[in-house]
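Inside the fold
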Amino acid sequence: MDSRDGFIIRSMKRQELDLALGWAAGEGWNPGLHDADAFYDFDPGGYLVGLLSGVPVGCISAVAYGSKFGFLGLYIVKPEHRGKGFGTELWHQAMRRLGSRNVGLDGVVGRQRNYERKGFVLAHRNIRYELAGGEKMAMPDNNVVDLRQYSIGAVAEYEKGLFPATRARFLEKWLNPPQGIALGYVDDDDDSSDKLAGYGVIRKCARGFKIGPLFADTQRGARKLLSGLAGHAAGEPVYIDIPEANRAAVDLAKEAGMNKVFETARMYNASKPDLDISRIYGMTTLELG
């Protein structure tokens, strides 16, 4: 706990994470309606709230993935309390929590220079694309299967090289989203017909649905997963955060008739993780990486 002039920083209680995600929705970030359960269960101490005279006025997440990687998100100070140093105190407390870990974040473009001054370096841009109506892409496909037929361990093994740390505990809830689905892709050209060659998750958000992650070995697999996932939205808008560095993913979004609506800067403070960006067609979440 940290305090100054009536401003106190402490770990969030579970219901306060709902409040923080509500603030994120107000900023236009469009978090999932049920994200808080998966977020909080994974690292309950990773969410900090700043209170002024007992009233929440700011927040930040500092989620630890083991001893070597961490991710910052949900960095918000209510508009009427900005410019008073509260955000700086939240930042310092979050960075102290993550210690010597390599830390990643997705910063809005307008704050990129600020993060650079704090030692963060741009890895790539994430571009949020919108599909106006998910049903436009829906098509049945025998290669797309219910991901629940695979164990959490199998999914975690598949995404090695696609995320900077192992996160099996996080996947336990993330792969079972209320009002959402998780699908796998099986490549019938592979000698092992049941070998996972991609997977994706879609979940209900404040507006429409959001896909994340979308991982696939090939653009063909990503296309079929995108179609299956978007079909779950039943005509509501569908969003996906695509790493601009994966040109095949950008091409796929444009091919699907998706439009750019938002972008962030993926940055790290120690080193850029060695990830296979060619297989990352959609980021998991801007809040936890």
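Note that the structure is a prediction, hence the values are computed from the model and not measured.

Our next topic: the state of the cysteines. Applying the stated rule across the entire model yields zero disulfides. The cysteine Cys-59 is free of any disulfide, with Cys-205 supplying the nearest cysteine sulfur at 17 Å. Residue classification places Cys-59 among the buried residues on the basis of a relative accessible area of 1%. By relative accessible area, which is 1% here, Cys-205 ends up buried.

Moving on to the nonpolar core. Counting residues in each nonpolar core, the largest one holds 46 residues, and the members touching the most others are Leu-17, Tyr-47, Tyr-65 and Tyr-199. Non-local contacts of Tyr-65, meaning those with residues more than four positions away in its chain, are made with Phe-42, Gly-70, Phe-71, Phe-163, Ala-165, Thr-166, Arg-167 and Leu-288. Ranked by size, the runner-up nonpolar core spans 28 residues in total, among them Ile-127, Val-144, Leu-183 and Ala-249.

With that settled, the discussion passes to helix α7 (residues 219–231). Between the first and last C-alpha of α7 there are 18 Å, a value that for 13 residues agrees with the 18 Å anticipated at 1.5 Å per step. Buried within α7 we find Gly-221, Ala-222, Lys-224, Leu-225, Leu-226, Ser-227, Leu-229 and Ala-230.

In this section: the pairing of strand β6 (residues 102–108). On a regular strand, one side chain projects to one face of the sheet and the next to the other, so that they alternate. With six of seven residues buried, β6 is to be regarded as a mostly interior element. In this sheet, β6 lies alongside strand β5 (residues 69–77) in parallel orientation, the contact comprising four bridges. When the sheet's bridge partners are listed, Phe-71 is paired in β6 with Gly-104. What joins β5 to β6 is helix α3 (residues 86–98), and the crossover it makes is right-handed. By the bridge criterion, five bridges tie β6 to strand β13 (residues 259–268) in an arrangement that is antiparallel. Across the sheet, the residue bridging to Gly-107 is Ala-265, located in β13.

Counted under the stated rule, the structure contains 15 aromatic pairs. Note on Phe-7 and Phe-86: the rings are 4.3 Å apart at their centroids and 20° apart in plane angle, and the pair reads as stacked. One end of the pair, Phe-7, is in strand β2 (residues 7–11); the other, Phe-86, is in helix α3, with 79 residues separating them in the sequence. The exposure classification of Phe-7 matches that of Phe-86, with both residues buried. Seen in terms of ring centroids, Phe-39 and Trp-174 are 5.9 Å apart; in terms of plane orientation they differ by 10°. Their pairing is stacked. In this pair, Phe-39 is assigned in helix α2 (residues 35–42) and Trp-174 in helix α6 (residues 168–174), connecting sequence segments 135 residues apart. Each member of the pair Phe-39 and Trp-174 is classed as buried. Three or more aromatic residues joined by ring pairs make a cluster, and in this case those are Phe-39, Phe-42, Tyr-65, Phe-69, Phe-163, Phe-170, Trp-174 and Tyr-268.

Here we take up the environment of Gly-28. Take Gly-28: it is sitting in the loop between α1 (14–26) and α2. Taking relative accessible area as the criterion, Gly-28 reaches 46% and is therefore assigned partly exposed. A sequence separation of 65 residues divides Gly-28 from Gln-93, and the C-alpha atoms of the two residues are 25 Å apart.

With that settled, the discussion passes to α2. Burial runs high along α2: six of the eight residues are buried. When we look at burial in α2, the residues that qualify are Asp-35, Ala-36, Ala-38, Phe-39, Tyr-40 and Phe-42.

Moving on to unusual backbone geometry. Here the amide bond leading from Gly-212 into Pro-213 is cis, since omega sits at 0°, within 30 degrees of zero. The topology assignment puts Pro-213 in strand β11 (residues 209–216). Of note, Gln-179 is a non-glycine position whose phi angle comes to about 60°, a positive value. Mapped onto the elements of the fold, Gln-179 is located in the loop between α6 and β9 (181–186). On the basis of relative accessible area, Gln-179 is assigned to the partly exposed category, the value being 45%. Phi is positive for Ala-234, which is not a glycine, with a value near 50°. Residue classification places Ala-234 among the exposed positions, given a relative accessible area of 64%.

Cut-off values and rules
- Residues numbered from 1 in each chain as written.
- Predicted model: local features only at pLDDT ≥ 70, side-chain atom pairs only at ≥ 80, totals over all residues.
- Heavy atoms only, no water.
- Disulfide = S-S within 2.5 Å.
- Buried < 20%, exposed > 50% of the residue type's maximum accessible area, 1.4 Å probe, protein only.
- Core = buried A, V, L, I, M, F, W, Y, C linked by side-chain atoms within 4.5 Å.
- Contact = heavy atoms within 4.5 Å.
- Helix = DSSP H or I, 4+ residues; strand = E, 2+ residues; numbered from the N terminus.
- Expected span 1.5 Å × (residues − 1).
- Pairing = 2+ DSSP bridges.
- Right-handed = clockwise from strand over helix to strand, strands pointing away.
- Phe/Tyr/Trp six-rings, centres within 6.5 Å; stacked < 30°, edge-to-face > 60°.

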